[in-house]
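# Chain and residue survey
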Amino acid sequence: MTDFEKRAVMTVLRELTGGDDVYKVIEADEILQKLPDGVNMDKQSLGAAIRDLRDRDYIKVKYFTPDEYCLLTLKRTEELAHIVEEAALVATKEKAQSDAPAKSKKLSFGANVKLFFVAFAGAFLGGGIVSAIFAIIQKFAL
């Protein structure tokens with residue numbers, strides 16, 4: 001079962017239960033009829049989808065049989081979806097703003113050469129320190 005199918009089932013359940021925070025008894029045939037054309041489910045796969053949604057705390061189920069479900073959709077899903085959309089929008093705006101100055105800043109040849117020699121000197125110094133520590137450990141350990 002795909003996430004698309006679970007999302008479609010959740011949309012239908014939200015439509016059927018409404019937003020009044022009351023458990024509703026819904027027949028499986030009614031849910032299957034309202035699913036979009038691209039979703040082909042039977043009662044068994046519908047039950048698996050509802051159990052998965054229940055386990056992930058998208059809905060609360062009081063009881064269910066193969067033919068009917070007594071459930072309540074939680075508003076948590078709508079709030080989380082809204083928060084995720086806002087976070088994605090803010091992240092894309094921040095990324096676009098931070099990429100613009102980085103692309104326009106380019107180092108000159110002299111700065112690149114200076115950067116190379118500073119990095120080379122740092123690597124050389126680091127290698128010398130590690131070699132000295134190794135020599136001291138080897139002399140006193142053996």
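See the structure above.
Residues numbered from 1 in each chain as written. Predicted model: local features only at pLDDT ≥ 70, side-chain atom pairs only at ≥ 80, totals over all residues. Heavy atoms only, no water.

All right, on to the overall build of the protein chain then. Helices and strands together make up the secondary structure of the protein chain, namely five helices and three strands. When the elements of the protein chain are put in sequence order from the N terminus, they spell out α-β-α-α-β-β-α-α. By residue count, 20% of the 142 residues in the protein chain fall in the buried class. Long-range contacts, defined here as pairs at least 24 residues apart, represent 55% of the contacts in the protein chain between residues at least 6 apart. (Helix = DSSP H or I, 4+ residues; strand = E, 2+ residues; numbered from the N terminus. Buried < 20%, exposed > 50% of the residue type's maximum accessible area, 1.4 Å probe, protein only. Contact = heavy atoms within 4.5 Å.)

Our next topic: the pattern of salt bridges. A full pass over the atoms with the stated rule returns six salt bridges. Its salt-bridge partner being Lys43, residue Asp67 comes within 2.8 Å of it at the nearest N-O pair. Of this pair, Asp67 sits in the loop between β2 (59-64) and β3 (68-73) while Lys43 sits in helix α3 (residues 43-55); the two residues are 24 residues apart in sequence, bridging distant segments of the chain. When its relative accessible area of 47% is taken as the criterion, Asp67 is described as partly exposed. Ionic pairing is found between Asp52 and Arg56, a salt bridge with its closest N-O pair at 3.3 Å. Classification of Asp52 by relative accessible area gives buried; the value is 17%. Residue classification places Arg56 among the partly exposed positions, given a relative accessible area of 46%. (Salt bridge = Lys/Arg side-chain N within 4 Å of Asp/Glu carboxyl O.)

Moving on, we come to the nonpolar core. Formed by 20 residues in total, the largest nonpolar core has its most connected members in Val9, Leu13, Ile31, Ile50, Ile59 and Leu71. Looking at this core, the elements with two or more residues in it are α1 (3-17), α2 (28-34), α3, β2 and β3. Looking at which element gives the most residues to this core, the answer is α1, with six residues. Among residues more than four places away in sequence, those in contact with Ile59 are Met10, Leu13, Ile50, Leu53, Arg54, Leu71, Leu72, Thr73 and Leu74. (Core = buried A, V, L, I, M, F, W, Y, C linked by side-chain atoms within 4.5 Å.)

Another point: unusual backbone geometry. Residues apart from glycine generally show negative phi values, whereas peptide bonds are mostly found in trans. One non-glycine residue, Asp57, lies in the positive phi region at around 60°. On the secondary structure map, Asp57 appears in the loop between α3 and β2.

For α3, built from 13 residues, the straight-helix expectation of 18 Å at 1.5 Å per residue is met to within 8% by its first-to-last C-alpha distance of 18 Å. Those residues of α3 hidden inside the fold are in contact with α1, α2, β2 and β3. Following α3 by one or two positions, Asp57 has its phi on the positive side, about 60°. (Expected span 1.5 Å × (residues − 1).)

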